[in-house]
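What follows is each chain in one-letter form.
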Amino acid sequence: MSTSEERDGVALTNLDQPLFDGSEATKRDLVDYLDAVSAKIVPVLADRPLSVMRVRPGQAPFMQKNLPKYTPEWVRRQPIWAEASKREISYGVCDDRRTLLWFANQRAVEYHPTLYPRDRWNHPTHLVLDLDPPEEDAFHLAVQAAHLVRRALADSGLEGAVKTSGAKGVHVFVPIVDTPADDVAAACRALAARAERLDPAVATTAFIVEDRHGKVFLDSTRAGGATVAAAYSPRLRPGAPVSFPVSWDDLDGVAPADFTLKTAAGLLGDRDPWAESMPAPQELGADLVAEGHTIPVARVQAMHEGKRRAKAKRGE
């Protein structure tokens with residue numbers, strides 16, 4: 001078998017190389033998988049600034065936001081000013097199979113699009129809760145927390161779709177009508193708080209790890225400029241798992257390792273369960289948004305609390 005070939009005008013090279021340590025896969029496996037699911041993953045990447053996690057032989061994985069200088073002219077770009085680094089970042093936008101194959105050949109394993117389209121900055125299309133269990137082997141706890149989130153959504157007149165994160169947890173996506181990011185973030189905080197109140201023995205909104213006490217963290221900070229691993233994206237983890245859509249009814253019977261670079265495409269067949277399970281965009285209730293605006297932003301609250309604890313420890 002040749003270690004090089006061409007697809008859709010993209011030269012693919014070194015296809016027999018191991019993908020990364022512990023992946024149990026080659027670069028060809030990555031290319032073949034992404035090609036097989038291109039009609040499903042491109043719609044969730046299209047028209048959105050894209051960050052990717054790449055891995056090169058002998059190097060640590062790294063997050064790439066700025067496209068390299070050698071990027072072909074036909075790869076679509078979206079310039080965004082980065083306030084932190086005081087420079088313009090040229091993000092890639094993956095609108096088609098050809099671009100996806102180019103990223104695959106660059107050994108881009110993970111795909112993290114923004115929650116907003118490129119022309120609607122500050123207006124996320126989805127509200128997202130990232131459910132993070134306390135240990136690697138505690139996916140069942142993330143599932144319990146996901147059902148709490150579903151109940152909180154239903155109590156708030158909303159519906160969501162669920163997928164494995166491809167890591168150790170679960171992502172819940174709620175499509176929303178055009179809403180400013182500040183209000184989306186507030187609604188997300190309120191939903192996390194409502195889910196926590198349903199069973200505080202299982203779920204917590206505590207941002208500081210030491211305060212979680214073995215509970216599932218309901219991460220409500222994925223709003224505005226944040227990114228989330230896309231549905232169908234592989235992950236840089238042992239066995240090369242894939243972030244995979246699951247029906248609510250089937251969630252209790254799956255594990256992250258069920259969906260990998262080598263198995264996921266075959267499990268999908270011709271179906272696109274992420275598109276099938278996604279509700280129509282919904283209006284966020286005024287009470288939900290208002291409640292959320294009374295809840296401090298988790299990162300800011302944690303920063304102040306960390307400073308307070310450090311000061312107390314010093315005896316000041």
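Residues numbered from 1 in each chain as written. Predicted model: local features only at pLDDT ≥ 70, side-chain atom pairs only at ≥ 80, totals over all residues. Heavy atoms only, no water.

The name recorded for the protein in an unreviewed UniProt entry is ATP-dependent DNA ligase, from Umezawaea endophytica.

**Points about the sheet that holds strand β8 (residues 126-132)**
Whenever strands of a sheet pair, they do so through backbone hydrogen bonds, lying parallel or antiparallel. Strand order across the open sheet formed by six strands is β11-β12-β8-β10-β9-β13, with mixed pairing between neighbours. The open sheet is flanked by β11 (203-204) and β13 (245-246), the only strands paired with a single partner. Examined bridge by bridge, β8 and strand β10 (residues 170-175) share six bridges and lie antiparallel to one another. When the bridges of β10 are listed, His126 appears paired with Pro175. Contacts from helix α4 (residues 139-155) reach β8, β9 (161-164), β10, β11 and β12 (216-219), with the element oriented near 20 degrees to β10. Each of β8, β11 and β12 is contacted by helix α5 (residues 181-198), which is oriented at about 40 degrees to β8, the strand it contacts most. (Pairing = 2+ DSSP bridges. Helix = DSSP H or I, 4+ residues; strand = E, 2+ residues; numbered from the N terminus. Contact = heavy atoms within 4.5 Å. Axes fitted to C-alpha atoms, helices over the stretch in contact; angles between N-to-C directions.)

**Examining the packing of aromatic side chains**
Per the stated rule, a full pass over the model turns up six aromatic pairs. Summarising the aromatic geometry, the rings of Phe103 and Tyr111 are spaced 6.3 Å apart at their centres and angled 85 degrees between planes, so their arrangement reads as edge-to-face. Residues Phe103 and Tyr111 agree in their burial class; the two are buried. Cluster of aromatic residues (ring-pair linked, three or more members): Trp102, Phe103 and Tyr111. (Phe/Tyr/Trp six-rings, centres within 6.5 Å; stacked < 30°, edge-to-face > 60°. Buried < 20%, exposed > 50% of the residue type's maximum accessible area, 1.4 Å probe, protein only.)

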